[in-house]
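# Observations on chain architecture
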Amino acid sequence: MTENFPDTAETLDSEMATSLWLKTLNRADYEPHHWNEWVKENPLYNVTFANVDFGALREKVPDRKVTFSGFKFPMGRASFVDTNFGHGPVNFSRTNFGAGDVNFFGAKFEQGDVLFEEAEFGDGDVQFTAVTFGEGVVSFFGAKFGNGETKFNGLKDEKRNGDFIFEKVNFGGGKVDFSMSKLGKGVVSFSGAEFGNGPISFEGTNFGMGAVSFLKTQFGDGNVNFHAAEFRNGRIEEDGKENGHVLFDDAVFGKGNLRFDRALIGSSGQPLKWPDKIKSGSEKLDYMNVLFRRTSFGEGDISFENARFGNGKVLFEYAKIGVGNVSFERTSFGLGKIEFFNTRVAADFIFMPSKLTGPHPLHFRYCRFLESFQLIRGHEDNEWKKPISFEGSSFNGATDIRNIHFIDIPDFLSTSFAHHLSLDDISYDPKIRYKSFGPIRIKMEKCREPKNACKLQRLKDLSEKNGNHSLALRLHADDLRTRRWNQTTMFPSIIDALYDEFCEYGLSIWRPSRYLIYSTLLFTLIYMHLASKPFNEIGYADYLLFSISNSIPFLAISRNVRDLSLKNLFEVGDLSTVLYALLSAQGLIAAIFLFLIGLGLRNHFRI
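Only a predicted model underlies this, so the values are computations on that prediction, with no experimental measurement involved. (Residues numbered from 1 in each chain as written. Predicted model: local features only at pLDDT ≥ 70, side-chain atom pairs only at ≥ 80, totals over all residues. Heavy atoms only, no water.)

### Describing the overall build of the protein chain
A count of helical and extended segments in the protein chain gives twelve helices and 45 strands. In the protein chain, the share of contacts with a sequence separation of at least 24, taken over all contacts with a separation of at least 6, comes to 68%. When the accessible surface of the protein chain is totalled, it reaches about 28000 Å², and 53% of it is carbon and sulfur. (Helix = DSSP H or I, 4+ residues; strand = E, 2+ residues; numbered from the N terminus. Contact = heavy atoms within 4.5 Å. Areas by Shrake-Rupley, 256 points an atom, 1.4 Å probe, with all protein chains shown as cover.)

### Comments concerning the packing of helix H7 (residues 490–503) against helix H8 (residues 510–530)
A pair of packed helices is characterised by two quantities: the angle between their axes and the separation of those axes. It is at 6 Å that the axes of H7 and H8 come closest, and there the two elements cross at 95 degrees. With respect to their mutual orientation, H7 and H8 come out roughly perpendicular. Touching Asp500, Glu501, Phe502 and Cys503 of H7 are Arg511, Pro512, Arg514 and Tyr515, all from H8. Across the contact of H7 with H8, the residue classes break down as four nonpolar, no polar and four charged. (Axes fitted to C-alpha atoms, helices over the stretch in contact; angles between N-to-C directions. Parallel < 35°, antiparallel > 145°, perpendicular 65-115°, else oblique. Nonpolar A, V, L, I, M, F, W, Y, C, P; charged D, E, K, R; others polar.)

### A few points about the pattern of salt bridges
Overall, the coordinates contain twelve salt bridges when judged by the stated rule. A salt bridge links Asp261 to Arg259, with the nearest nitrogen and oxygen atoms 2.7 Å apart. Given a relative accessible area of 11%, Asp261 falls into the buried group. Look at Arg259 and you get partly exposed, because its relative accessible area is 34%. When the shortest N-O distance is used, the salt bridge between Arg511 and Glu504 registers 4.0 Å. Residue classification places Arg511 among the buried positions, given a relative accessible area of 18%. Each of the salt bridges in this network shares a partner with another, and the network as a whole consists of Glu305, Glu329 and Arg330. (Salt bridge = Lys/Arg side-chain N within 4 Å of Asp/Glu carboxyl O. Buried < 20%, exposed > 50% of the residue type's maximum accessible area, 1.4 Å probe, protein only.)

### A word on the sheet that holds strand S19 (residues 230–231)
In space, the three strands of this open sheet follow the order S19-S22-S25, with parallel pairing throughout. The sheet is open, and its two borders are formed by S19 and strand S25 (308–309), each paired with just one other strand. Two elements, strand S22 (residues 264–265) and S25, share two bridges in a ladder whose sense is parallel. Looking at S25, one finds that Ile265 is bridged to Phe309. (Pairing = 2+ DSSP bridges.)

### A closer look at unusual backbone geometry
In the Ramachandran plot, Lys216 falls in the positive-phi region, its phi being about 60 degrees despite a non-glycine side chain. Tracing the chain through its elements places Lys216 in the loop between strand S17 (212–213) and strand S18 (224–225). In this model, Ser414 sits at a positive phi of 65 degrees, which is unusual for a non-glycine residue. By the secondary structure assignment, Ser414 is in the loop between strand S40 (405–406) and strand S41 (416–417).

### Quick look at the nonpolar core
Judged by nonpolar contacts, the single largest core of 120 residues is most densely connected at Trp21, Phe49, Phe97, Phe104, Phe140 and Phe226. Tallying contributions element by element places helix H1 (residues 14–25) first for this core, with five residues. Ignoring any residue separated from it by four or fewer positions in sequence, one finds Trp21 in contact with Trp35, Phe49, Phe54, Leu57, Val61, Lys65, Val66, Thr67, Phe68 and Phe71. Among the nonpolar cores identified, the runner-up in size contains eight residues, and Phe523, Ala531, Phe546 and Leu582 belong to it. (Core = buried A, V, L, I, M, F, W, Y, C linked by side-chain atoms within 4.5 Å.)

### Quick word on the packing of aromatic side chains
Applying the stated criterion across every chain yields a total of 119 aromatic pairs. Ring centres of Phe333 and Phe351 lie 5.5 Å apart, and the angle between their planes is 25 degrees; on these two criteria the pair is classed as stacked. On the criterion of sequence distance, the pair formed by Phe333 in the loop between strand S28 (326–329) and strand S29 (338–341) and Phe351 in strand S31 (residues 349–352) is long-range, its members being 18 residues apart. Overall, the relative accessible area of 2% leaves Phe333 in the buried class. The side chain of Arg514 reaches across the aromatic face of Tyr515, ending 5.3 Å from its centre. (Phe/Tyr/Trp six-rings, centres within 6.5 Å; stacked < 30°, edge-to-face > 60°. Lys NZ or Arg CZ within 6 Å of the ring centre and 35° of its normal.)

### Concerning helix H10 (residues 540–551)
For H10, built from twelve residues, the straight-helix expectation of 16 Å at 1.5 Å per residue is met to within 8% by its first-to-last C-alpha distance of 17 Å. Along H10, the residues classified as buried are Tyr543, Phe546, Ser547, Ser549, Asn550 and Ser551. (Expected span 1.5 Å × (residues − 1).)

### Observations concerning the sheet that holds strand S27 (residues 320–321)
Two pairing modes exist for strands in a sheet, parallel and antiparallel, and in both the strands are linked by backbone hydrogen bonds. Strand order in the open sheet formed by five strands is S27-S30-S34-S38-S41, with parallel pairing between adjacent strands. Of all the strands in the sheet, just S27 and S41 have a single pairing partner and so form its edges. Relative to strand S30 (residues 344–345), S27 runs parallel, the two sharing two bridges. If you follow Ile321 over to S30, its bridge partner there is Val345.

### Side note on the confidence of the model for the protein chain
For residues with low pLDDT, the predicted coordinates do not support detailed interpretation. For the protein chain, the mean per-residue pLDDT works out to 84, and 84% of the residues sit at or above 70. Throughout residues 235–242 the model reports pLDDT below 50, and contacts reaching past four residues in sequence, or to other chains, amount to 18 contacts. Considering only residues more than four positions removed or in separate chains, one finds that residues 271–285, a stretch of pLDDT under 50, has 26 contacts. (pLDDT = per-residue confidence, 0-100.)

### Remarks on the packing of H1 against helix H2 (residues 33–41)
Running from N to C, H1 and H2 point in directions that differ by 135 degrees, and their axes come no closer than 7 Å. Accordingly, the angle class assigned to the pair H1 and H2 is oblique. On H2, the residues that touch Ala17, Leu20, Trp21, Lys23 and Thr24 of H1 are His34, Trp35 and Trp38. For the contact of H1 with H2, the residue count by class is five nonpolar, two polar and one charged.

### Focus: a nonpolar patch on the surface
Residues Trp510, Ile517, Tyr518, Leu521, Leu525 and Tyr540 make up a contiguous nonpolar surface patch of about 620 Å² in total accessible area. No other element matches the five residues that H8 contributes to the nonpolar patch. Relative to the helices and strands, Tyr518 resides in helix H8. (Patch = residues over 30% accessible without salt bridge, like charges linked within 9 Å, V, L, I, M, F, W, Y side chains within 5 Å.)

The following block contains the structure:
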């Protein structure tokens, strides 16, 4: 609101203002001198064009143009409330609106470009609430606003074709409000704009179907609110290439909080299936990149909670994040690449998305996290279907990575951790393919990912250092599987494959126990076949007891049972070299499986 201005100031009403405007435009030189001379003589007037129908007045001015270009308004209030500007361009370029309030509430620009380029507004409130812009470009390029409130909320332009240009605009120190506006299907650009220290609201704003640019935008120290904003889709050229992005490259945020919670960012709000070559243009629109490259975030909290990204790339490259908390809780990501590259985070960081899909990776590469870092799957039914890399990153605070099933081996190469790393309840797919030989499964193919062994070794080192013994054993086993057939020759690879099958490299207690039982039953059948006495005279249980006693010879009673069974089950002529060889082989095989059972028990109960 205008301060230090008399409420009793006179007003140039709509009829008189319209008459003066027509006289100015109908002068031979088309210059605003006539209007400006009147303002110079009457500096303390209010001016109103409220409810004027410029559409009807266009026939009375040269070239049917509605222009206030170069006009100067008095120090009082300027009102264009419910004004109809009709069909055709409207030009307020280089207009000086004085120091008072400027009100375009409910104005209607039906068709044509609307230019406020390099216009100057004073310290009064500026209101474009509920304005309707028609087809054409709307440009405030280089305009300057004062320290009053600036309102563009409730704009009604959802279906219009045309760009919104606020490039290099200086918004002053007051509140800036674009909430609940619909900005049409064109490009929306705030590139190079400067906001003051007042709050900034784009809450519920629909940025339409075009690219959105905040390139090199300077945000002040006030809170910045994109809550429930909709950056729907980027426009797609006829050849299928993208030309639409949500661009915050080189933007600078101040000390206030930044909210993108519940925003649709590059997303239509509808699920889209892979692959990316979709014939339908409306579906292809979901591929809109969201770019925060070299962005500087301030000291306030940053929230992307419940936000939904589309299927384009989401890049935070060379970004700097201040000391406020950063939250990606319950955030949904699409099919595209997500990358935090060379990003410095001085805040507590939590990444707990509700959905991660698609073949492109999630990268936290060469980042520096100075405070706590959490990577968590919040719900059991959440989808995590992206390869993940932490290569080269450093974590100076507590790091918690848990409750996640990785579709690949997470990459921790060249990482450093200053505090404890929690890796509870994580699993991964080592991409190992097996070939079945009856009940036996053996890895026969060479590993196609040469870095897998290195990634497993690094993850094993981290698990051992942080006391997660069971995970370290699993990683060691997969490391050996990965190296099989790649770094070992045929015979060692066969021995390694058998060791894997019989006990999973010491991880399994049940598997060697099962094979011990199988071998005992097998030798029972062999002994029955070799014996000369009829089966109905002896019975299966006696042969089984004999085989068991030979499998566990270290028990005191086993020797007596074995000697007695030899006399009862076999004649003297039956005790051939073959039988003794079988007894020796069974004893050796049983000893191997007993050793593997002991190894599994030792690893399971190891402290």
